[in-house]
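Coordinate analysis (summary)
If you want the building blocks of each chain, they are given just below.
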Amino acid sequence: MPYVSWCRQCDAVSPAPHTRSADAEDELVQHRRAAHGGLAPAAGDGVRKVHDEARGDGCLPSGSALFIAFLLFAVLANCWGH
């Protein structure tokens, strides 16, 4: 999963996700230097994992949605049979 850096103090977020957490941390250090004089803001900041949209993480139906779709299909198939 890709990584992004964020700053709670000023709501700054990485413009693009990074494949390595170290790259996101480097970007965060640059942000601290530019926006906060090199100090970490009191509200905190950090690096977090995010879903990779290109892989489809979080986009596939859950097991319960598939079960409901199967039940609906079974009921409709039963109705067409009579």
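Refer to the structure printed above.
Note that the coordinates shown come from a computational prediction; the quantities given were computed from them, not determined experimentally.

The final tally for this structure, using the stated rule, is 2 salt bridges. Of the charged contacts in the structure, one is a salt bridge between D23 and R20, with a shortest N-O distance of 3.0 Å. The exposure class of D23 is partly exposed, given its relative accessible area of 27%. Classification of R20 by relative accessible area gives partly exposed; the value is 48%. Notably, a salt bridge pairs E25 with R32, separated by 3.9 Å at the nearest N-O pair.

Another aspect to go through is helix α1 (residues 21-36). Owing to its 3.6 residues per turn, the α-helix brings residues three or four apart onto one side. Its 16 residues give α1 an end-to-end C-alpha distance of 21 Å, which sits within 8% of 22 Å, the value for a rise of 1.5 Å per residue. Looking only at α1, the buried set comprises A24, E27, L28, H31 and R32. Looking straight down α1, one finds that the buried residues subtend no more than 150° of arc, so they occupy a single side. Turned more than 90 degrees off the buried face of α1, the exposed positions are Q30, R33 and A34. Among the structural elements, β1 (3-7), β2 (12-13) and β3 (45-49) are those in contact with the buried residues of α1. At the exit of α1 stands G37, carrying a positive phi of roughly 65°.

By the criterion of burial, β1 is predominantly enclosed, with 5 of the 5 residues buried. Along β1, one buried face is formed by Y3, S5 and C7 and the opposite face, lined by V4 and W6, is buried too. Strand direction decides the pairing type here: β1 and β3, joined by 5 bridges, are antiparallel. The residue bridging W6 from the neighbouring strand is G46, located in β3. With 2 bridges connecting them, β1 and β2 associate as antiparallel partners. Within β2, the position partnered with C7 by the bridge is A12. The hairpin turn running from β1 into β2, its antiparallel successor, is 4 residues long, and D11 in that turn takes a positive phi close to 60°.

Let us now look at the packing of aromatic side chains. In total, this model carries 0 aromatic pairs according to the counting rule given. One Lys or Arg, R48, reaches over the ring of W6 and ends 4.7 Å from the middle of that ring.

This paragraph deals with the sheet that holds β2. Reading across from one edge, β2-β1-β3 is the order of the 3 strands in this open sheet, with antiparallel pairing throughout. Whereas interior strands pair on both sides, the edge strands pair on one side only; in this sheet they are β2 and β3. Sheet strands touched by α1: β1, β2 and β3. Its angle to β1, the strand with the most contacts, is close to 20°.

About the thresholds
- Residues numbered from 1 in each chain as written.
- Predicted model: local features only at pLDDT ≥ 70, side-chain atom pairs only at ≥ 80, totals over all residues.
- Heavy atoms only, no water.
- Salt bridge = Lys/Arg side-chain N within 4 Å of Asp/Glu carboxyl O.
- Buried < 20%, exposed > 50% of the residue type's maximum accessible area, 1.4 Å probe, protein only.
- Helix = DSSP H or I, 4+ residues; strand = E, 2+ residues; numbered from the N terminus.
- Expected span 1.5 Å × (residues − 1).
- Arc of directions from axis to C-beta.
- Contact = heavy atoms within 4.5 Å.
- Pairing = 2+ DSSP bridges.
- Phe/Tyr/Trp six-rings, centres within 6.5 Å; stacked < 30°, edge-to-face > 60°.
- Lys NZ or Arg CZ within 6 Å of the ring centre and 35° of its normal.
- Axes fitted to C-alpha atoms, helices over the stretch in contact; angles between N-to-C directions.

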